[in-house]
Amino acid sequence: MVFRDETYRVLLVSTAEKFNTVTCSLLPGSEFYPVEVVKTAGAAQRRLLEQEYDLVLVNAPLPDEFGTDLAMDVCLKSPAAVLLLIRREVHDEICAKVTDAGVLTLPKPTSEAVMRHMLRTMCAVRERLKRVQERQVTVDQKIEEIRIVDKAKWALISARQMTEEEAHQYIQRQSMDRRISKRTAAEEILRTLQT
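Keep in mind that what you see is a predicted model, and the values were worked out from it rather than measured.

Peer 1: Could you clarify how one ought to interpret the packing of aromatic side chains in this entry?
Peer 2: To describe a pair of aromatic rings, one takes the distance between the centres and the angle between the planes. Overall, the coordinates contain one aromatic pair when judged by the stated rule. For the ring pair Tyr8 and Phe32, a centre distance of 5.9 Å and an interplane angle of 35° mean the geometry is tilted. With a gap of 24 residues between them, Tyr8 in strand β1 (residues 8-13) and Phe32 in strand β2 (residues 32-38) connect regions that are remote in the sequence. In terms of burial, Tyr8 and Phe32 fall into one category: buried. Its end group placed over the ring of Tyr53, Arg9 keeps NZ or CZ at 5.6 Å from the ring centre.

Peer 1: What's the story with the environment of Val74 in this structure? I'm lost.
Peer 2: Within the fold, Val74 resides in helix α3 (residues 68-77). Between the alpha carbons of Val74 and Leu48 there is a distance of 8.2 Å; along the sequence they are 26 residues apart. Contact partners of Val74, with chain neighbours within four places excluded, come to Leu48, Val56, Ala80 and Val82.

Peer 1: Sorry if this is basic, but what is going on with the sheet that holds β1 here?
Peer 2: Strand pairing in a sheet is mediated by backbone hydrogen bonds. Such pairs are either parallel or antiparallel. Read across the sheet, five strands follow the order β2-β1-β3-β4-β5 without closing on themselves; strand pairing throughout is parallel. Edge positions in the sheet fall to β2 and β5 (104-108), since each has one partner strand and no second. Neighbour-to-neighbour, the strand axes of the sheet open up by a mean angle of 20°, direction not taken into account. Taken together, the four bridges between β1 and strand β3 (residues 55-59) define a ladder with parallel strand orientation. Opposite Val13, over in β3, you have Val58 as the bridge partner. Lying over the sheet, helix α1 (residues 17-25) contacts β1, β2, β3 and β4 (81-87), oriented at roughly 165° with respect to β1. This element, helix α2 (residues 41-50), spans β1, β2 and β3 of the sheet and lies at about 160° to β1.

Reading the values: rules and limits
Residues numbered from 1 in each chain as written. Predicted model: local features only at pLDDT ≥ 70, side-chain atom pairs only at ≥ 80, totals over all residues. Heavy atoms only, no water. Phe/Tyr/Trp six-rings, centres within 6.5 Å; stacked < 30°, edge-to-face > 60°. Helix = DSSP H or I, 4+ residues; strand = E, 2+ residues; numbered from the N terminus. Buried < 20%, exposed > 50% of the residue type's maximum accessible area, 1.4 Å probe, protein only. Lys NZ or Arg CZ within 6 Å of the ring centre and 35° of its normal. Contact = heavy atoms within 4.5 Å. Pairing = 2+ DSSP bridges. Axes fitted to C-alpha atoms, helices over the stretch in contact; angles between N-to-C directions.

Pasting the structure below:
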């Protein structure tokens, strides 16, 4: 057993009680908590609006849709790892349809060993998606900082008739002298010049 600071939030979408019982037994609370079970795609969509999940398992077919649209929609709108379980007879056809969206598939019936392996795979996918998401936030923050610093530079150029290089050096000097980030220095310059 691996001890983690956080657990994986799981949404199981399935009408099959036996499948739900067996699957939930494969999800120990020390690693997977909470595990929520809903029976329809509509109920799953509502839960997904209320809460972010790490793993979403869809046991097709569902009463209100097959399950492929739900699985692809979850991949499109969230960073969750998604598994679609489908009958063996249609697995290859459905797999070809959903793989490009990022949906993992598994033909059923399946063994507990294969299901355990797939759950580990989903956890690995989710961890990778978390790192990508964190990098994206960092990139977005850097872009925002550049935008604010540029705005402050142009404000200095306009208000104090500095050259672009002088404005850039002024912001850097403020940042270093006061031991604050360039973004904070730029924000303070903008506030000062706007008053």
